[in-house]
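# Geometric and topological summary
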Amino acid sequence: MLYIVSTPIGNLKDITLRALDTLKEVDIIAAEDTRHTKILLNRYSIKTPLTSYFEYNKLTKGEYIIRLLREGKSVALVSDSGTPGISDPGAHIIKLAIKNNIPLTAIPGPTAFVYALTVSGKPTDKFAFEGFLPSKSSSRKNRLKELTGEKRTIVLYESPHRILKTLQDIYEIFGDIEIAV
C-alpha cells in the first residue's frame, strides 16, 4: 500500500495521530528531503527507514518505490510540508501506483493552499488553484494574462526568492488589486 501522508506546515504539532501511526508502521518513507523529514521523525521517535524522492530523482526512484510496493512493502510518501502530490513531485509516484494497480490511500492533514485561502479574507466558496506559475517572467506574465477573466479567487504558489518579481508581474497585469500573501 502507498500511503500519501500529509505533514505539518511549520509547526510539528500539526500532525494527525493517524499520520504518526502510519509513519511508524510502514516499511519505508519516501521523503522529498530526508533531512527535513528526519526532524519530524526525530520529534516523534519514529525510526522507519527513509529514502529520498524528489523532483530530480523521481523517475529512477519512482521505479524503485513501485518495485518495493509490488514486493508487498508498504511505503509512506511525504513532502517537505503539507500534502504530497499538490504542486510537488509526489504526483508522479501517485500516477505510477495507479498505473500499476497498487492500492493507495491518503492520510489527510495540512495543505498550504487551503490554509492560505482560509486566512486570506478572500471568497472561499469558489476558487481556482494554479499552483506554481512559470519561473520565466515572460511565461509567467502570459499565464497571468490568461487569468485576467477569472472571477473566482485565484490561489498561487511562489518561491520566496521570486515573490517580489511575481508581485510586480501581478501588478503589471491586474493593476492595483487587493491580494493576500
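As shown above, the structure is provided for reference.
So, here's what we can say about the structure. Because the structure is predicted, anything quoted here is derived from the model rather than measured.

## Some points on a nonpolar patch on the surface
- Taken together, Ile177, Ile179 and Val181 make up a surface patch of nonpolar side chains, about 300 Å² in accessible area.
- Its place among the elements puts Ile179 in the segment after helix H7 (163-174).
- Assessed through its relative accessible area of 42%, Ile179 is described here as partly exposed.

## Regarding empty space enclosed by the protein
- For the coordinates displayed, the defined rule picks out 1 cavity of 30 Å³ or more.
- Put simply, the largest cavity is a space of about 30 Å³.
- In this structure, the largest cavity is lined by Glu32, Tyr53, Leu77, Val78, Ser79, Pro84, Asp88, Pro89 and Gly90.
- Of the residues assigned to the lining of the largest cavity, the class counts are 5 nonpolar, 2 polar and 2 charged.

## Things to note about helix H1 (residues 17-25)
- When we look at burial in H1, the residues that qualify are Ala19, Leu20, Thr22 and Leu23. The arc enclosing the buried residues of H1, seen along the axis, measures out at 165 degrees, which places them on a common side. The exposed residues of H1 that point more than 90 degrees off its buried face are Leu17 and Glu25.
- Those residues of H1 that are buried are in contact with strand E1 (2-5), strand E2 (28-31), helix H2 (34-43), strand E4 (75-78) and strand E5 (104-107).

## Some thoughts on the nonpolar core
- Formed by 16 residues in total, the largest nonpolar core has its most connected members in Leu2, Ile65, Ile66, Leu69, Val75, Leu77 and Ile93.
- Looking at this core, the elements that each hand over two or more residues are E1, E2, helix H3 (58-70), E4 and helix H4 (90-99).
- The next biggest cluster of nonpolar side chains, apart from the first, holds 14 residues, and it includes Ile15, Ala19, Ile29 and Ala31.

## Digging into the packing of aromatic side chains
- Counting across every chain of the model gives 4 aromatic pairs.
- Pairing Phe113 with Phe129 gives two aromatic rings, centres 4.3 Å apart and planes at 25 degrees, and the pair type is stacked. Taken together, the residues Phe113 in helix H5 (residues 112-120) and Phe129 in strand E6 (residues 127-132) connect sequence positions 16 residues apart.
- Judged by its relative accessible area of 12%, Phe113 falls in the buried class.
- Relative to Tyr157, the ring of Phe129 has its centre 5.1 Å away and its plane inclined at 80 degrees; by these criteria the two rings are edge-to-face. Residue Phe129 is found in strand E6, and its partner Tyr157 is found in strand E7 (residues 153-157); the two are separated by 28 residues along the sequence.
- Among the aromatic residues, those joined into a ring-pair cluster are Phe113, Phe127, Phe129, Phe132 and Tyr157.
- The aromatic ring of Tyr44 is capped on one face by Arg43, whose charged end is 5.0 Å from the ring centroid.

Conventions we followed
Residues numbered from 1 in each chain as written. Predicted model: local features only at pLDDT ≥ 70, side-chain atom pairs only at ≥ 80, totals over all residues. Heavy atoms only, no water. Patch = residues over 30% accessible without salt bridge, like charges linked within 9 Å, V, L, I, M, F, W, Y side chains within 5 Å. Areas by Shrake-Rupley, 256 points an atom, 1.4 Å probe, with all protein chains shown as cover. Salt bridge = Lys/Arg side-chain N within 4 Å of Asp/Glu carboxyl O. Helix = DSSP H or I, 4+ residues; strand = E, 2+ residues; numbered from the N terminus. Buried < 20%, exposed > 50% of the residue type's maximum accessible area, 1.4 Å probe, protein only. 1 Å grid on protein atoms, 1.4 Å probe; cavity = no way out; pocket = protein on both sides within 12 Å on 5 of 7 lines; lining within 4 Å. Points joined across faces, edges and corners; volume = space filled by probe spheres on them. Nonpolar A, V, L, I, M, F, W, Y, C, P; charged D, E, K, R; others polar. Arc of directions from axis to C-beta. Contact = heavy atoms within 4.5 Å. Core = buried A, V, L, I, M, F, W, Y, C linked by side-chain atoms within 4.5 Å. Phe/Tyr/Trp six-rings, centres within 6.5 Å; stacked < 30°, edge-to-face > 60°. Lys NZ or Arg CZ within 6 Å of the ring centre and 35° of its normal.

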